[in-house]
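Here is how the chains run, residue by residue.
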There are 2 protein chains.
Amino acid sequence: MSRGKRLTIREVAAAAGVSAQTVSRVLNNRPDVAPETAQRVQQIISETGYAPNMLARGLTQGRSHVLGVVAYGLDYFGPSRVLTAIERQAAEFGYAIMLNLILDPAMGDVDGLIDSLCARQVDGIIWAIPEMGANRAWLANWINELPVPVILVGGMEGRPDVPSIAIDNVQIGRLATDHLISGGAKHVGIITGPATWWEAEQRLVGWRASLQAHGREVEESLVIEGDWSVSSGEESLYRMVDRCPEIDALFACNDQMALGVLHAAHAIGKRVPEDLSVVGVDNIAEASHFWPPLTTVDQPLGNSGELAVKEIVQLIKKSRQARRPVDAVPEMTLLKARLIVRESSRPVPAPDSRAAESNEASFQRTVLEARPI
Amino acid sequence: MSRGKRLTIREVAAAAGVSAQTVSRVLNNRPDVAPETAQRVQQIISETGYAPNMLARGLTQGRSHVLGVVAYGLDYFGPSRVLTAIERQAAEFGYAIMLNLILDPAMGDVDGLIDSLCARQVDGIIWAIPEMGANRAWLANWINELPVPVILVGGMEGRPDVPSIAIDNVQIGRLATDHLISGGAKHVGIITGPATWWEAEQRLVGWRASLQAHGREVEESLVIEGDWSVSSGEESLYRMVDRCPEIDALFACNDQMALGVLHAAHAIGKRVPEDLSVVGVDNIAEASHFWPPLTTVDQPLGNSGELAVKEIVQLIKKSRQARRPVDAVPEMTLLKARLIVRESSRPVPAPDSRAAESNEASFQRTVLEARPI
DNA sequence: CTGAAAGCGCTTACAG
DNA sequence: CTGAAAGCGCTTACAG
């Protein structure tokens, strides 16, 4: 309970009849204080509710115990989950979060943002902006020049020039498509996210890989670009049916677009899943209440946020021990997603060994080595 | 671009051949610097990418230019919109955001949180936790003892013991219910949010007020408590129909529950809106793609976040001028919501003057005076 | 085990 | 218009 005027360490020291020094020792749990002295000081501290000024502490210690977090699109499902996990894990480690939201993930002012975070003396930066186009090029080039460690959340598999925690989006595409094929689908279409998003791109790669693994022809006409919204899913199904009336399975790269597909299917009299199997991604709270309940891919978003914090805390520790910014070890931790089968997709007749295997392997951690770009 | 080792103001001063003092003047745009001197210093600053250490600046100025934000439930629609707006508006004012997410809005450790924020020397606190039970009592009692100004976002109308920005939830309930009655409904049910949430409570008050204003009997059996989730909406409709088979209109206190109602209605063969009119709250992105598209109430969430920042910045300014924490002026700014009519509700035959009026009045600002509790 | 001194990187008066 | 001094509230060596 901190009320009224702020106390300083000197005032506490005076009240306890010791030096500021000694109060500092007690505050920092140093062993070299006489038990009675420590107790007396503790007493005063809890009586007065004194709490040390973290600005001053930060200045002397050269660390703020603050993590900079740069994020985008809290209105989306993924980013809000990741941020929530980051905050919780950071709090557990005693770090506060300084939040910067950006309006446009493709924007150029990356360095301005980083500068401002550094000026505020954050101990590390978690960069949780979806990878789009070349919006990470700057970061990759400059990372070793920055005064603080940086870690990325999300991003493209196999390009780990910056330490990062990502979800295996290729696997997501494969998981969904394998399932649809196993359910007997002849023509599996895909509604992707915006082509600029690497996550969307990678899911498409997974779709292709799955078709090829099953010896299917990859029909490019069955690829339609959506924008993550319900309406884009809706429109995409209409276009898809125009292009290929025999379409009998669809992988929508998020649940909102899948919802649009369900509506459109209903509108044109296609039964789900009898005539059309549908799989989404995200497992939003509503997904199990769609009509029919949606088969979807559940991503370990919370885990990725937690891991990002754990990693950055490690990096911070290393930098401090080395007494200088340590070179970034460019490794990527890749997390696996898992399929959740509901009623929007035709059941798999034989036990689907691939899907089962992937399910077991969910939340598995893979570290990729760096490789030159 | 801040790379490598950090510069200090002394180094910049040395490079420019002036005192640290003068560099400080340039940094703070003070008028009393010779133009050529200023220019030379500026030059060095941009060449080196020097940025002053905000911790040090904060320590000397007694202000951090950081706003503490305490929020809950980023997974929900409202909170994430409010937070986004807060961040943007704060950035515009040159404030950084220190984010604290809480797990349980009813939790008791309010003062621990506030203390930690104060220890970090935030200049003000935005408290964006939904009002539940007595979770604001502590704040209301202690607000004038805190070393920094606090402002609440959300909360109950008519109990403005702490400065707050809120949305008129009574009006929301009235707006929805008026619309349903005007559409010819005989029996208007309500699915509320959890009874502990004041927002839910207030919407229920609005429902009652509307019924009474129309000379209708208030049937308490038509009140069912939901938990904001789709499934609770679904189950609630079944229970509602059991209780009152003639039910022909339903106000679901958020869009997710309204979605559940739509599904349940479909399942039991009730046509929407012919047999059952449905209105939700929030206007989530999916609402216009529900089947049928959902009539709902749109809240000015972004506005409330922006206003909160503007107000807290004012309060900070006042406190600084007074050179001490200023007593909180307990006034509440109440924002109006607006109805969005779509196809889930039966059309209003005569022009609905009430709804129209409310629409015009949307986003209107009302300041209530304090009154003793 | 404890304290006096110096310093973290700035800014605020105070001189000139 | 400019600089030397003092101080913001802590902690880090350094003595004792």
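Quick caveat, the model's predicted, so the values are computed rather than measured.

Colleague: Any chance you could explain the interface of chain B and chain A here in plain terms?
Modeller: Reports often express the size of an interface as the amount of accessible area lost when the parts come together. Each side of the interface is counted separately: chain B has 57 residues, and chain A has 57 residues. Both faces combined, the contact of chain B with chain A buries some 5300 Å², and carbon together with sulfur accounts for 57% of it. Contact with chain A buries area across many residues of chain B, yet Arg6, Leu55 and Arg120 of chain B alone supply 14% of it, more than any other trio. Across the contact surface, chain B and chain A share two salt bridges. When the shortest N-O distance is used, the salt bridge between aspartate 75 of chain A and arginine 81 of chain B registers 3.1 Å. Those elements that place two or more of their residues in the side of chain B that touches chain A are helix H4 (54–61), helix H5 (77–92), strand E2 (96–102), helix H6 (110–119), helix H7 (137–142), helix H10 (230–243) and helix H11 (255–267) of chain B.

Colleague: Where do I start with the protein's contact with DNA strand D in this structure?
Modeller: Taken together, 26 residues surround DNA strand D, and among them Ser24 and Arg30 of chain A together with Gln21, Arg25 and Thr37 of chain B come closest. Restricting the count to atoms of DNA strand D within 4 Å of the protein gives a sugar and phosphate share of 61%. Threonine 22 of chain B places a polar side-chain atom, nitrogen or oxygen, 2.8 Å from a phosphate oxygen of DNA strand D. Within the side chain of threonine 37 of chain B, one N or O atom sits 2.5 Å away from a phosphate oxygen of DNA strand D. With five residues, the top contributor of residues to the surface near DNA strand D is helix H4 (residues 54–61) of chain A. Here the residues of the surface near DNA strand D sort into ten nonpolar, twelve polar and four charged.

Colleague: Explain the pairing of strand E1 (residues 66–72) of chain B here, please?
Modeller: Each regular strand carries side chains that alternate between the two faces of the sheet. Residues and elements named next belong to chain B. Across the seven residues of E1, seven count as buried, placing the element largely inside the fold. Both faces of E1 are covered, namely the face carrying Val66, Gly68, Val70 and Tyr72 and the face carrying Leu67, Val69 and Ala71. At this point the chain moves from E1, through H5, to the parallel E2, and the crossover so formed is right-handed. Pairing of E1 with strand E3 (residues 124–128), which is carried by five bridges, proceeds in the parallel orientation. For glycine 68, the partnering residue across the bridge sits in E3 and is isoleucine 125.

Colleague: What's the story with the packing of aromatic side chains in this structure? I'm lost.
Modeller: Two numbers describe a pair of aromatic rings. These are the distance of the centres and the angle of the planes. For the structure shown, the criterion picks out eight aromatic pairs over all chains. Centroid distance tryptophan 197 of chain A to tryptophan 228 of chain A: 5.5 Å. Interplanar angle 80 degrees. Geometry classified as edge-to-face. On the criterion of sequence distance, the pair formed by tryptophan 197 of chain A in the loop between strand E6 (188–192) and helix H9 (198–213) and tryptophan 228 of chain A in the loop between strand E7 (223–225) and helix H10 (230–243) is long-range, its members being 31 residues apart. Assigned by exposure class, tryptophan 197 of chain A and tryptophan 228 of chain A land together as buried. Look at tyrosine 72 of chain B and tyrosine 76 of chain B: their rings are 6.3 Å apart centre to centre, the planes differ by 40 degrees, and that puts the pair in the tilted class. On the basis of relative accessibility, which here comes to 14%, the residue tyrosine 72 of chain B falls in the buried class. Members of the aromatic cluster, joined through ring pairs, are Tyr72, Tyr76, Trp197 and Trp228 of chain A.

Colleague: Just to check I follow, could you spell out the sheet that holds strand E6 (residues 188–192) of chain B for this structure?
Modeller: Whether parallel or antiparallel, the strands of a sheet pair through hydrogen bonds between backbone atoms. Residue and element names in this part refer to chain B. With respect to topology, six strands assemble into an open sheet ordered E7-E6-E8-E9-E10-E12, the strand pairing being mixed. Only two strands of the sheet have a single partner each, and these edge strands are strand E7 (223–225) and strand E12 (338–340). Averaged over all pairs of adjacent strands, the angle between strand axes in this sheet comes to 20 degrees, irrespective of strand direction. Inspection of the sheet shows E6 paired to strand E8 (residues 249–252) by four bridges, in the parallel sense. In the strand pairing of E8, isoleucine 191 is matched with alanine 252. Here helix H8 (residues 169–182) sits on the sheet in contact with E6, E8, strand E9 (277–281), strand E10 (295–298) and E12, set at roughly 165 degrees to E8.

Calculation criteria
- Residues numbered from 1 in each chain as written.
- Chains lettered and ligands numbered in written order.
- Predicted model: local features only at pLDDT ≥ 70, side-chain atom pairs only at ≥ 80, totals over all residues.
- Heavy atoms only, no water.
- Contact = heavy atoms within 4.5 Å.
- Buried area = accessible area lost by both parts, 1.4 Å probe.
- Salt bridge = Lys/Arg side-chain N within 4 Å of Asp/Glu carboxyl O.
- Helix = DSSP H or I, 4+ residues; strand = E, 2+ residues; numbered from the N terminus.
- Near = heavy atom within 4 Å.
- Polar contact = N/O pair within 3.5 Å; in protein donor to acceptor, adjacent residues only side chain to side chain.
- Nonpolar A, V, L, I, M, F, W, Y, C, P; charged D, E, K, R; others polar.
- Buried < 20%, exposed > 50% of the residue type's maximum accessible area, 1.4 Å probe, protein only.
- Right-handed = clockwise from strand over helix to strand, strands pointing away.
- Pairing = 2+ DSSP bridges.
- Phe/Tyr/Trp six-rings, centres within 6.5 Å; stacked < 30°, edge-to-face > 60°.
- Axes fitted to C-alpha atoms, helices over the stretch in contact; angles between N-to-C directions.

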